[in-house]
Amino acid sequence: MTRFLTTTAFCLLAGGAIAQQAADAVEPEADAATGAFEGLSDAAAAALATKESGEPVIAEDWMVAAANPLAVEAGARILGEGGTAADAMVAVQAVLGLVEPQSSGLGGGAFLVWYDAETGELTTLDGRETAPLAATPLLFQTPDGEPMGFFDAVVGGLSVGTPGTPALMEAAHEAWGEAEWAGLFDEAIALAEDGFTVSPRLAELVAEDAERLGRFEATAAYFLPGGSAIEAGDTLTNPAYAETLRAIAENGSDVFYEGAIAEGILSTVQDAAGNPGVLAQIDLDAYEVVERPAVCAAYRGLDVCGMGPPSSGALTVGQILGMLDSHDLSAGPGDAGVWRLIGDASRLAFADRGRYMADSDFVPVPTEGLVDPDYLSTRAALLAGETALQSVEPGMPAFDHALLWADDRSIELPSTSHISIVDSYGNALSMTTTIENGFGSRLMAPGGFLLNNELTDFSFASHENGVPIANRVEPGKRPRSSMAPTIVMQDGAPMLVIGSPGGSRIIGYVAQAIIGVVDWDMNVQEAVAMAHGVNRFGTFDLEEGTELAGLQAELEAMGFEVGVTGLNSGLHAIEIGERLEGGADPRREGIALGE
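Thresholds, definitions, all that
- For every chain, the first residue of the written sequence is number 1, and numbering continues from 1 onward in sequence order.
- The predicted nature of this model means local features are confined to residues of pLDDT at least 70 and side-chain atom pairs, given and counted, to a pLDDT of 80 or more, with totals for whole chains, interfaces and linings taken over all residues.
- For side-chain calculations, the full set of non-hydrogen atoms in the structure is used, while hydrogens and water are omitted.
- UniProt positions are given in the numbering used here, feature names are shortened, and annotations may be inferred rather than shown by experiment.
- Any two residues whose heavy atoms approach within 4.5 Å at even a single point are treated as in contact.
- Numbering of helices and strands runs from the N terminus, with a helix taken as a DSSP run of H or I at least four residues long and a strand as a DSSP run of E at least two residues long.
- Remark: exposure states derive from per-residue accessible area (1.4 Å probe, protein chains only) relative to the maximum for the residue type, with buried under 20%, exposed over 50%, and partly exposed in between.
- Contacts described as polar in this section are N or O atom pairs within 3.5 Å, which, within protein, must combine one atom able to donate a hydrogen with one able to accept it, while residues neighboring in sequence count only if both atoms come from side chains.
- DSSP calls a pair of strands paired once it identifies at least 2 bridges connecting them.
- Interaxial angles span 0 to 180 degrees and are taken between N-to-C directions of axes, which are lines fitted to C-alpha atoms, for helices over the stretch in contact.
- Only buried residues count toward a nonpolar core, which is a set of Ala, Val, Leu, Ile, Met, Phe, Trp, Tyr and Cys residues joined through side-chain atoms within 4.5 Å.
- By definition here, a salt bridge exists when the distance from a side-chain nitrogen of Lys or Arg to a carboxyl oxygen of Asp or Glu is within 4 Å.
- Each residue after the first adds 1.5 Å to the expected span of a helix.
- Stacked, tilted and edge-to-face pairs are distinguished by plane angle, under 30 degrees for stacked and over 60 for edge-to-face with tilted covering the rest, among Phe, Tyr and Trp rings (Trp via its six-membered ring) whose centres lie within 6.5 Å.
- Note on criteria: charge over ring means Lys NZ or Arg CZ within 6 Å of the ring centre, with the direction from the centre no more than 35 degrees off the ring normal.
- Convention used here: angles under 35 degrees read as roughly parallel, angles over 145 as roughly antiparallel, angles from 65 to 115 as roughly perpendicular, and any remaining angle as oblique.
- For any helix crossing, the convention is left-handed if the near helix is rotated counterclockwise from the far helix by under a right angle, and right-handed if that rotation is clockwise.
- The classification used treats Ala, Val, Leu, Ile, Met, Phe, Trp, Tyr, Cys and Pro as nonpolar, Asp, Glu, Lys and Arg as charged, and all other residues, Gly among them, as polar.

Under an unreviewed UniProt entry, the chain has the name Glutathione hydrolase proenzyme and belongs to Wenxinia saemankumensis. Listed in UniProt under the heading Pathway (unreviewed entry), the comment for the chain reads: "Sulfur metabolism; glutathione metabolism."

See below:
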């Protein structure tokens, strides 16, 4: 059975050696030596060891950038052997699910944006998880009708949606792959059976979440063997994951949704002590990947394209950039006035996001209206002046319906991972992949993978003062996401492939990096590494330990509430010109490799 639905694709136009350089490959507080990733090629080891160079990776034919060197190497082998970006993505994702299990994997979902060099077309695939058919809008409410505490809902089976990643991997391969399917899993199977070295980041996150990981026997046995958290440098094996991958390699993704693997998923969810879920076999049987129209917005003569609803990513990134298109940002990232414009454009876009954006298969979303140039012009006019907006309200984009919605009340915490790939044929792939919160539901299926907590991306409240919330829980519905896999187009061809993890801050990270490349003439490594400033709901978050934090007083004088905090993005980007230039976020362990 092919788990793939197709809709008419359209674009809403609002208007020689592998890897020379790479960014610092780890978070600053968890500096990883090359030895943390044993068995890397000389090129990957050199990329990992290169710290804070500010120079991008240079390549001529192909490139892959992702969050872990072992996963990047798996993708690089496929590309080097003539595989397509879709082939390489399968190999990268299979390894990421093993070595970076807190962020993505078979038990989660993903959004994929594809540029086809032969046809010149953009396609997006929705591999988002779905709510079980037994779910109701009251799923995350207490008996007295109040929203549950966030982690009360997250940890256990109640938060688990139908996984979409395995079906998405196969759908992309069937559409655009050239390599033999089974061979795409070789590295991941070998690492799972022979063992991989626990990275500093994985070890740190396990230690921080030990209490929740310890709630369930199978999860604790893997991450907390003998009661102690795994440590950086440990060798970890996962034979159950190897068997799952081998089954998928031999039989396709349907083997994940039926039979023993499916039974293991369902028993894990339904029998979760203290917080069982309602996922059932009918949900696994019904799951399908959906091809959706790409959403594009105009910016500086470019088309910034990405995933539409149920993702809010392309719409909100597009709105931010669309509002800024008529404003001068040339003063650069050291200017508080520039950040006032970026911050308030983001606040306005997030107000629209909270009111209107949800799964368009279930609620009417004014997609075209939200990125219409005339509408964005009226919103951009609100940015005139020199002080912060005193208040921000949703606008009134053009509707083709008369429904009114209340503002969303969902919570979306950072996790997730991003993959950017350009192959030797000129195809480009941008995919953001997740199990939602770090370590998802904290449930480990018998197949050796964690299960998502994606359902907590829905609003816990279904109504506000009697008015329905667009992103409320409904049976079969896909929760709204902030994932923003993006391909920036110039004259009908891709010029930038980019995306990031980071919860709802993803939107700001991606928009800012695009501004860095387009407005501030940064190379792609500089753009993914620069200090972050993010304003979603009123508080202007400035990245601690950076020069940007020094603008706190100026922004406060403009009327902003300012917080200085850690902003751990995971941007991975490839700029396409006369050559390929790749960047990997220095806040994580990823690298870019190319040839």
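A. Just the UniProt feature "active site" (unreviewed entry) in the chain, in detail. Per the UniProt record, "active site" (unreviewed entry) is found at Thr-416. If we ignore the near neighbours within four places in the chain, the residues touching Thr-416 are Ser-103, Thr-432, Thr-433, Thr-434, Glu-436, Met-483, Pro-501 and Arg-588.

B. Representation of the environment of Gly-492 within the structure. In this fold, Gly-492 is placed in the loop between β16 (486-490) and β17 (493-499). Residue classification places Gly-492 among the partly exposed residues on the basis of a relative accessible area of 47%. Gly-492 sits 370 residues away from Leu-122 along the chain, and the two C-alpha atoms are 9.8 Å apart.

C. Structural detail: the UniProt feature "binding site: L-glutamate" (unreviewed entry) in the chain. On the UniProt side, "binding site: L-glutamate" (unreviewed entry) is annotated at positions that read Arg-128, Asp-457, Ser-481, Ser-482 and Gly-503 here. Within the element layout of this structure, Ser-482 appears in the loop between β15 (467-468) and β16. The exposure class assigned to Ser-482 is buried, which follows from its relative accessible area of 0%. A distance of 2.7 Å separates a polar atom in the side chain of Ser-482 from a polar atom in the side chain of Arg-353. Look at Gly-503 and you get buried, because its relative accessible area is 3%.

D. View of the pairing of strand β11 (residues 302-307). The buried count for β11 comes to five of six residues, which makes it a mostly enclosed element. Taken together, the six bridges between strand β10 (residues 294-299) and β11 define a ladder with antiparallel strand orientation. Bridging from a neighbouring strand, Val-295 pairs with Gly-306 of β11. Counting the residues in the hairpin turn of β10 and β11 gives two residues, including Arg-300, whose phi is positive at 50°. Strand direction decides the pairing type here: β11 and β16, joined by four bridges, are antiparallel. Each residue of the ladder has a partner; that of Gly-306, found in β16, is Thr-486.

E. Structural context of the sheet that holds strand β20 (residues 561-565). Read across the sheet, three strands follow the order β18-β19-β20 without closing on themselves; strand pairing throughout is mixed. Looking at which strands have only one partner, the edges of the open sheet turn out to be β18 (533-535) and β20. Adjacent strand axes in the sheet meet at a mean angle of 25° when their direction is disregarded. The pairing of β18 with strand β19 (residues 539-543) spans three bridges and is classified as antiparallel.

F. Layout of the nonpolar core. Counting 107 residues, the largest nonpolar core has Leu-112, Phe-185 and Phe-223 as its most contacted members. Per-element tally for this core: the top contributor is helix α3 (residues 85-99), with 12 residues. Those residues within four positions of Phe-185 in sequence are excluded, and the remaining contacts are Val-90, Ala-94, Met-169, Leu-245, Ile-248 and Ala-249. Counting 74 residues, the second-largest nonpolar core is a separate cluster that includes Leu-321, Leu-324, Ala-484 and Ile-514.

G. Summary view of the pattern of salt bridges. Under the definition given, this model contains 24 salt bridges. Where Asp-541 meets Arg-505, a salt bridge forms, and the shortest distance between an N and an O atom there is 3.0 Å. Within this pair, whereas Asp-541 is found in strand β19, its partner Arg-505 is found in the loop between β17 and α18 (506-518), the two being separated by 36 residues in sequence. Its relative accessible area of 8% is what places Asp-541 among the buried residues. The buried category is assigned to Arg-505, whose relative accessible area is 16%. Note that Arg-587 is salt-bridged to Asp-585, the shortest N-O span being 2.8 Å. Each of Asp-126, Arg-292, Asp-361 and Arg-478 takes part in one network of salt bridges that share partners.

H. Up close: helix α15 (residues 336-356). Its 21 residues place the ends of α15 30 Å apart at the C-alpha level, agreeing with the 30 Å of an ideal helix rising 1.5 Å per residue. Within α15, 19 of the 21 residues are buried, which leaves the element mostly enclosed by the surrounding structure. At the N-terminal end of α15, a side-chain oxygen is found 3.0 Å from the backbone nitrogen of Gly-337, two or three residues along, and the residue is Asp-335.

I. Broad picture of the packing of aromatic side chains. Counted under the stated rule, the structure contains 13 aromatic pairs. Seen from their ring centres, Tyr-222 and Phe-223 are 4.9 Å apart, and the 85° between their planes marks the pair as edge-to-face. With respect to class, Tyr-222 is no different from Phe-223; both count as buried. Note on Phe-223 and Phe-439: the rings are 5.3 Å apart at their centroids and 75° apart in plane angle, and the pair reads as edge-to-face. Of this pair, Phe-223 sits in helix α9 (residues 217-223) while Phe-439 sits in the loop between β13 (428-434) and β14 (463-464), and the two are 216 residues apart along the sequence. There is no split in this pair, since Phe-223 and Phe-439 are both buried. Joined through ring pairs, the aromatic side chains of Phe-140, Phe-150, Phe-151 and Phe-460 make up one cluster. The ring centre of Phe-151 lies 3.6 Å from the NZ or CZ of Arg-212, which sits over that ring.

J. Highlighting the packing of helix α2 (residues 69-80) against α3. Remark: α2 packs on α3, axes separated minimally by 8 Å, with the N-to-C direction vectors making an angle of 160°. Considering their axes alone, α2 and α3 lie roughly antiparallel with respect to each other. Seen along the crossing, α2 lies across α3 with a hand that is right-handed. Facing Leu-70, Ala-71, Ala-74, Gly-75, Ile-78 and Leu-79 of α2, the residues of α3 in contact are Ala-85, Asp-87, Ala-88, Ala-91, Val-92, Val-95, Leu-96 and Val-99.

K. A look at the packing of α3 against helix α6 (residues 186-194). At a minimum axis separation of 8 Å, α3 and α6 run at an interaxial angle of 20°. For the element pair α3 / α6, the angle class is roughly parallel. Crossing of α3 against α6: the hand is left-handed. Two secondary-structure elements touch here, α3 through Ala-94, Val-95 and Leu-98 and α6 through Glu-187, Ala-188, Leu-191 and Ala-192. Looking at the contact of α3 with α6, its residues break down into six nonpolar, no polar and one charged.

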